[in-house]
Amino acid sequence: MSFKVLVRPSGLQFFAEPTENILDAALRAGVGMPFGCKDGACGSCKARVLAGELEQGWHAAPALSHEEHLAGLALLCCAQPRSDLEIEVREVAGYGEFPARKMPCRITHLERVTPDVVVVTLQLPAAEHLRYRAGQFLEFTIGAGVRRCYSIATAPHVDEAISIHVRHMPGGVFTDALFGAAAKPIKERDILRLEGPLGTFFLRPDSERPIVLLASGTGFAPIKAIAETIFHLQLNHDDPGRTRPARSVALYWGARARRDLYMNGLPMRWAGEQPNFRYIPVLSDALEEDAWTGRTGFVHQAVMQDLPDLSQHEVYACGAPAMVEAARRDFVHLCGLPDDHFLADAFTSKADVVKD
Ligand SMILES: Cc1cc2nc3c(=O)[nH]c(=O)nc-3n(C[C@H](O)[C@H](O)[C@H](O)COP(=O)(O)OP(=O)(O)OC[C@H]3O[C@@H](n4cnc5c(N)ncnc54)[C@H](O)[C@@H]3O)c2cc1C
Ligand code: FES
């Protein structure tokens, strides 16, 4: 017996089986809802239960606090219906436009850009053209039941092979293999299986709000795709009859030391070429040899120092879960950013879904 789920404020509805997660049922029915990890770790799929019963499955404590649970919030990626439901969740327009597909891909190039970051270039089958939105990610199946997500760093309009930026997490199944620290390394010419595009972290091109792009570490990958897409759209709109001014874009990229800004030259170049674009790199643990005279500290705090009022902005944040969580909390509570203008993907890993 399936249950009816009514979504507010959109009024859309779908049916979910008692044995399935509500998010899966929604996406299957083409109802776009925010999500990221699908593992109960990132908190992106949070919704308010207005009526009915559900069973909240296991999730990491930071993704849904006890207080939020008591206040009627739920994580839809790990909650099953126990009755008809009425839920409140922001609909993601356009999510179903490019449905996820499964396909093989070949690793054509592995470029170690720092000791712990590799840029992986992928070749898709000749007959396949992967259509996606700037910011979305791919999920790779590495072995039985082992799946890992990586954001696409290439802008969708660019006619070149797709690449991803991967940071080594020592002890990790996939990245140990990619960095040659596992018994069976992943090498150039190897074939992987992927599914994509996935995720609801993607550029909303119709908004006119000034944009803050916020990245930590390899969170720069989808931010790069988003920035390049913004520049592309602005270029295409830059005709004499155009009435809209170019959206202002400020990119804050946080890293530990100078070498972790593994593509620093690229946003530096954008800053010289693009109107209304600012680039602010921020280091948290600059080395003496870096002779760093730029901004230091937590990257999201640099945003707050420069833009104490974010009420008119739109923020795209990506990278370490702690950074994304702190940015959402502080931007919304201290800087007046409307919650639905904070768009994010947190790079959660198995370390974030360890059960007590
Ligand atoms: C939507 C999304 C997009 C992402 N995009 C990117 C991206 O573009 N670039 C990127 O670099 N990463 C990205 N990530 C993170 C990525 O998916 C992987 O989680 C990450 O690369 C680690 O994978 P792994 O298999 O090497 O490590 P895992 O096997 O997942 O292990 C991760 C860490 O946890 C530790 N660990 C494993 N099991 C346990 C346990 N039981 N107890 C304690 N510790 C444990 C491991 O030692 C390791 O240090 C993304 C994540 C998400 C959800
Ligand atoms: S998608 Fe549900 S917690 Fe990440």
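Numbering of residues starts from 1 in each chain and follows the order in which that chain's sequence is written. Lettering of chains starts at A and numbering of ligands starts at 1, both following the order in which they are written. With the structure being a predicted model, the display of local features is reserved for residues of pLDDT at least 70 and the display and counting of side-chain atom pairs for 80 or more, all residues being used for whole-chain, interface and lining totals. Derived side-chain values reflect all non-hydrogen atoms in the structure, with water molecules and hydrogen atoms excluded from consideration.

A. Broad picture of unusual backbone geometry. The residue after Arg-8, namely Pro-9, is reached through a cis peptide bond having omega 5°. The linkage connecting Gly-196 with the following residue, Pro-197, adopts the cis geometry, with an omega of 0°. Within the secondary structure, Pro-197 sits in strand β13 (residues 191–198). With a phi close to 60°, Asn-276 is a non-glycine residue in the positive phi region. Here a helix means four or more residues in a row that DSSP labels H or I, a strand means two or more in a row labelled E, and each is numbered from the N terminus. For Asn-276, the position within the fold is in the loop between α5 (265–273) and β16 (277–283). Residue Ala-291 is not a glycine yet carries a positive backbone phi of 45°.

B. The nonpolar core, seen in detail. Phe-14, Met-33 and Ile-87 are the most contacted members of the largest nonpolar core, which totals 32 residues. Of all the secondary-structure elements, those providing two or more residues to this core are β1 (3–8), β2 (13–16), α1 (22–28), β5 (73–75) and β7 (85–88). When residues of this core are assigned to their parent elements, the largest contribution, 5 residues, is made by α1. Every residue in contact with Met-33, bar those within four places of it in the chain, is listed here: Val-7, Phe-14, Leu-23, Ala-26, Leu-27, Leu-76, Ile-87, Val-89, Arg-90, Val-92 and Thr-200. Ranked by size, the runner-up nonpolar core spans 28 residues in total, among them Phe-201, Leu-251, Ala-255 and Tyr-262. Among buried residues, those of type Ala, Val, Leu, Ile, Met, Phe, Trp, Tyr and Cys that are joined through side-chain atoms within 4.5 Å constitute a nonpolar core. The rule is simple: take the accessible area with a 1.4 Å probe, protein chains only, and divide by the maximum for that residue type; under 20% is buried, over 50% is exposed, in between is partly exposed. Throughout, a residue-residue contact means that at least one pair of heavy atoms, one from each residue, lies within 4.5 Å.

C. Main features of the sheet that holds β16. What the 6 strands build is an open sheet, ordered β17-β16-β15-β14-β18-β19; its pairing is parallel. The sheet terminates laterally at β17 (295–296) and β19 (342–346), the two strands that pair on one side only. At least two bridges found by DSSP between two strands is the condition for calling them paired. With 5 bridges connecting them, strand β14 (residues 211–216) and strand β18 (residues 314–319) associate as parallel partners. Across the sheet, the residue bridging to Ile-211 is Glu-314, located in β18.

D. Spatial organisation of the domain arrangement of the chain. Taken as a whole, the chain is organised into domain 1 (3–88), domain 2 (98–198) and domain 3 (211–353). Domain limits in this description derive from either an automatic procedure or a database domain assignment. Once you take the C-alpha centre of each, domain 1 and domain 3 turn out to be 29 Å apart. Two parts placed together each lose some accessible area; with a 1.4 Å probe, that loss summed over both constitutes the buried area. When domain 1 packs against domain 3, the two sides together hide about 560 Å² of surface, and 53% of this comes from carbon and sulfur. The salt bridge criterion pairs a side-chain nitrogen of Lys or Arg with a carboxyl oxygen of Asp or Glu, the two atoms within 4 Å. For the interface between domain 1 and domain 3, the tally reads 1 salt bridge. Between Lys-350 and Asp-39 there is a salt bridge, with the nearest N and O atoms lying 3.0 Å from each other. Identification of polar contacts relies on pairs of N or O atoms within 3.5 Å, with a donor-acceptor requirement for protein atoms, meaning one able to donate a hydrogen and the other able to accept it, and with residues adjacent in sequence counted only if both atoms are side-chain atoms. There are 1 residue pair in polar contact (both at pLDDT 80 or more) connecting domain 1 and domain 3. Looking at the side of domain 1 that touches domain 3 residue by residue, the class counts come to 7 nonpolar, 2 polar and 1 charged. Basically, the charged four are Asp, Glu, Lys and Arg, the nonpolar ten are Ala, Val, Leu, Ile, Met, Phe, Trp, Tyr, Cys and Pro, and anything else, Gly included, counts as polar.

E. Quick peek at the site of ligand 1. Working definition: residue near molecule or strand if any one of its non-hydrogen atoms lies within 4 Å of it. Taken together, 25 residues sit near ligand 1, with Arg-148, Cys-149, Tyr-150, His-165 and Thr-175 positioned nearest. Contact between ligand 1 and Thr-175: an oxygen atom at 2.6 Å from a side-chain N or O atom of the residue. Backbone polar atom of Thr-348 to an oxygen atom of ligand 1: 3.3 Å apart, as the coordinates give it. Per-residue and other accessible areas were derived by the Shrake-Rupley procedure at a 1.4 Å probe size, with only the shown protein chains allowed to occlude residues. Burial of ligand 1 by the protein chains amounts to 80% of its free accessible area of 990 Å². Those elements that provide at least two residues to the shell around ligand 1 are β11 (146–151), β12 (162–167), α3 (173–178) and β19. Looking at the shell around ligand 1 residue by residue, the classes come out as 13 nonpolar, 8 polar and 4 charged. Residue-level mapping places the shell around ligand 1 at the junction of two domains, with at least three residues from each of domain 2 (98–198) and domain 3 (211–353).

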